[in-house]
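Here is how the chains run, residue by residue.
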Amino acid sequence: ACRDSRLFIKDLQFDGVPVRIYLPGEPSASKRRGVIFFHGGCGIFGSIRSYERICQYIATKSDSVVASVGYHLAPEHKYPAQTLECLTATVHFLKTAETYGVDPARVIVCGDSAGGTYAASVCQELVHRTDIPKIRAQVLIYPFLQALNFNLPSHQKNAAVAFLSRDRAVNFILKYLNKDCSLKEPVLAGSHVPESINLKYRKWINPDLIPDVFKLGYKPPPPTLFLPQVHEEVQELFEPWFSPLLAEDAVVCPLPDTCIVTCEHDVLRDEGLLYKKRLEDNNVRVTWHHVEKGFH
């Protein structure tokens, strides 16, 4: 993207994490809002550079200071390095916001796809911290939020949609975690989840919680055989850092105001809907935008 002349753009390091700062050039009468942006790409591709146009747009249209985080990618940098770097960059920015003319009480985190996962995870991790300013809001753009059930209505409806099919989504997850891709079929079938875990999280990850308008043509999958060896191989999938939908209510209840964007033609659509319900059930204020003709 061409550099926007209305912005001052600088590459920095936040405690060792690459960050590109976008500062509006016009002087402001008061401190500006801050946006910490985490790009998508399943944790294995994408970059600050590939999101340059989007970050410039956010900075100019909202008159905000944007910090785009260039976390290092998997599998060379093993999970959870990406989440940890996003957390490090966020804490640094919250502590130093005034250096960039930002009101530390008006900082949001924002991300798309895996970037939405990192935004959700960072908010959950910081929710009980009292030594730094509170995050004002989180913006989750078609986020990935759980890896227990790949047979939700949106997975069935959009299984073969271009770019992010159901198969490709699980392939990316396995590549991100540096796992053998032969695990794809049992994970797709749900064979990695023991009955005890299914029972525990059914209250949060369940097709019954999705509005009927999104379930046209949905068919409950047949029972699947639990495979302990697959479960052992993919333990990371059950961590709230990887699957933020699995966080306990004590973590979800104090989360900040949230904006969730979902797309109709997206395998991840229902994860956004389920998180929306969880947040609302815990009295978190949610704004929801659904793009009927949108895709991942």
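Only a predicted model underlies this, so the values are computations on that prediction, with no experimental measurement involved.

## Things to note about the overall build of the chain
What the chain contains, in helices and strands, is 10 helices and 8 strands. The globule rule puts the C-alpha radius of gyration for 296 residues at 19 Å, and the 19 Å found for the chain is close to it. Each of the three principal axes of the chain carries a C-alpha extent, and together these read 60 × 40 × 40 Å. Taken across its 296 residues, the chain has 56% of its residues classed as buried. For the chain, restricting intrachain contacts to residue pairs at least 6 apart in sequence, the fraction spanning at least 24 positions comes to 77%. Total accessible area computed for the chain in this model is approximately 13,600 Å², and 55% of it derives from carbon and sulfur atoms. Distance between charge centroids for the chain: 4 Å, based on 33 positive and 33 negative side chains.

## With respect to the pattern of salt bridges
Scanning all chains against the criterion turns up 21 salt bridges. A salt bridge links Lys-157 to Glu-264; the nearest nitrogen and oxygen atoms lie 3.5 Å apart. Residue Lys-157 is found in helix α4 (residues 153-157), and its partner Glu-264 is found in strand β7 (residues 257-265); the two are separated by 107 residues along the sequence. Asp-270 is the salt-bridge partner of Arg-269, the closest N and O atoms lying 2.8 Å from each other. Comparing Arg-269 with Asp-270 shows no difference in burial state: the two are buried.

## Regarding the domain arrangement of the chain
Split into domains, the chain comes out as domain 1 (7-146 + 240-295) and domain 2 (153-237). Measuring from the centre of the C-alpha atoms in domain 1 to the corresponding centre in domain 2 gives 25 Å. Counting the surface domain 1 buries against domain 2, the share from its top three residues, Phe-242, Val-267 and Leu-274, is 24%. Across the domain 1-domain 2 interface, the total number found is 2 salt bridges. Seen at the junction of domain 1 and domain 2, the total is 10 residue pairs in polar contact (both at pLDDT 80 or more). Going through the elements one at a time, β7, α10 (269-281) and β8 (286-295) are the ones with two or more residues in the side of domain 1 that touches domain 2.

## Remarks on the nonpolar core
Generally speaking, nonpolar side chains in soluble globular proteins are found buried as a group. Judged by nonpolar contacts, the single largest core of 80 residues is most densely connected at Phe-38, Phe-93, Phe-242 and Tyr-275. Ranked by the residues each element gives to this core, the list is headed by helix α3 (residues 114-126), at 7 residues. If you count residues domain by domain, this core takes at least three from each of domain 1 (7-146 + 240-295) and domain 2 (153-237). Sequence-distant contacts of Phe-93, defined by excluding residues within four places in its chain, comprise Phe-14, Ile-21, Gly-34, Ile-36, Val-65, Ala-67, Tyr-100, Val-102 and Val-107. Counting 14 residues, the second largest nonpolar core, distinct from the first, contains Ile-9, Phe-37, Cys-55 and Val-261.

## Brief notes about α3
Counted at 1.5 Å a residue, the expected span for α3 with its 13 residues is 18 Å, and the 18 Å between its end C-alpha atoms agrees. Across the 13 residues of α3, 12 count as buried, placing the element largely inside the fold. Restricting attention to buried positions, one finds in α3 the residues Ala-114, Gly-115, Gly-116, Thr-117, Tyr-118, Ala-119, Ala-120, Ser-121, Val-122, Cys-123, Gln-124 and Leu-126.

## A look at the UniProt feature "domain: Alpha/beta hydrolase fold-3" (unreviewed entry) in the chain
In this structure's numbering, the residues bearing the UniProt feature "domain: Alpha/beta hydrolase fold-3" (unreviewed entry) are residues 35-187 and 236-296. Across residues 35-187, the secondary structure splits into 39% helix and 16% strand, with the terminal C-alpha atoms separated by 35 Å. Annotated as residues 236-296, this span is 28% helix and 31% strand, and its ends, taken at the C-alpha atoms, are 24 Å apart.

## Comments concerning the state of the cysteines
With the rule as written, the count across this model stands at 0 disulfides. The structure places no disulfide on Cys-42, whose sulfur is separated from the nearest cysteine sulfur, that of Cys-181, by 12 Å. You can see Cys-123 has no disulfide; the closest cysteine sulfur is in Cys-110, sitting 11 Å from it.

## A few points about the pairing of strand β5 (residues 102-112)
Inspection of the sheet shows strand β3 (residues 32-38) paired to β5 by 6 bridges, in the parallel sense. The residue of β5 that forms the bridge with Arg-32 is Val-102. As paired strands, β5 and strand β6 (residues 137-141) are joined by 5 bridges and run parallel to one another. Residue Gly-111 lies in a different strand from β6, and its bridge partner there is Leu-140. The parallel pair β5 and β6, bridged by α3, forms a crossover whose chirality is right-handed.

## Re helix α1 (residues 52-62)
Residues lying three or four places apart along an α-helix face the same way, a consequence of the helix completing one turn every 3.6 residues. Among all positions in α1, only Glu-52, Cys-55, Gln-56 and Ala-59 are buried. One side of α1 carries all its buried residues, which in axial view fall inside an arc of 100 degrees. Every exposed residue of α1 that faces more than 90 degrees away from the buried side is listed here: Arg-53, Tyr-57 and Lys-61. Contacts from the buried residues of α1 go to β1 (7-14), β2 (17-24), β3 and β4 (65-69). At the exit of α1 stands Asp-63, carrying a positive phi of roughly 50 degrees.

Thresholds, definitions, all that
- Here, residues in each chain are numbered from 1, in the same order as that chain's written sequence.
- Totals for whole chains, interfaces and linings use all residues, but because this is a predicted model, local features are given only for residues with pLDDT of at least 70 and pairs of side-chain atoms are given and counted only at 80 or more.
- In computing side-chain values, all of the structure's heavy atoms are included and hydrogens and water are not.
- For the purposes of this entry, the term helix denotes a DSSP run of H or I that reaches at least four residues, the term strand denotes a run of E that reaches at least two, and both are numbered from the N terminus.
- Atoms counted for the radius of gyration: C-alpha only. Globule rule: 2.2 Å times the number of residues to the power 0.38.
- Buried residues are those whose accessible area, probed at 1.4 Å on protein chains only, stays under 20% of the maximum for their type, while exposed residues exceed 50% and partly exposed ones sit between those limits.
- Two residues qualify as a contact provided that any one of their heavy atoms is within 4.5 Å of a heavy atom in the partner residue.
- Using the Shrake-Rupley algorithm and a 1.4 Å probe, accessible areas are obtained, with residue cover drawn only from the displayed protein chains.
- Only four residue types enter the tally: Lys and Arg on the positive side, Asp and Glu on the negative side, with His and both chain ends excluded.
- One atom stands in for each charge, and that atom is NZ of Lys, CZ of Arg, CG of Asp or CD of Glu.
- One side-chain nitrogen of Lys or Arg within 4 Å of one carboxyl oxygen of Asp or Glu is enough to make a salt bridge.
- Those domain boundaries reflect an automatic or database domain assignment.
- The term buried area refers to how much accessible surface (probe radius 1.4 Å) is lost by two components on association, counted for both of them together.
- Residues adjacent in sequence count toward polar contacts only when both atoms are side-chain atoms; beyond that, a polar contact is any pair of N or O atoms within 3.5 Å, and within protein one must be able to donate a hydrogen and the other to accept it.
- For our purposes a nonpolar core is just a set of buried Ala, Val, Leu, Ile, Met, Phe, Trp, Tyr and Cys residues, chained together by side-chain atoms within 4.5 Å.
- What a helix should span is 1.5 Å times the count of its residues minus one.
- UniProt positions are given in the numbering used here, feature names are shortened, and annotations may be inferred rather than shown by experiment.
- Working definition: a disulfide is two cysteine sulfur atoms within 2.5 Å of each other.
- A strand pair is defined by DSSP finding two or more bridges across the two strands.
- Crossovers are described as right-handed under a simple rule: with the strands pointing away from the observer, the path leading from the first strand over the helix to the second runs clockwise.
- This arc describes the spread of directions from the helix axis toward the C-beta atoms.

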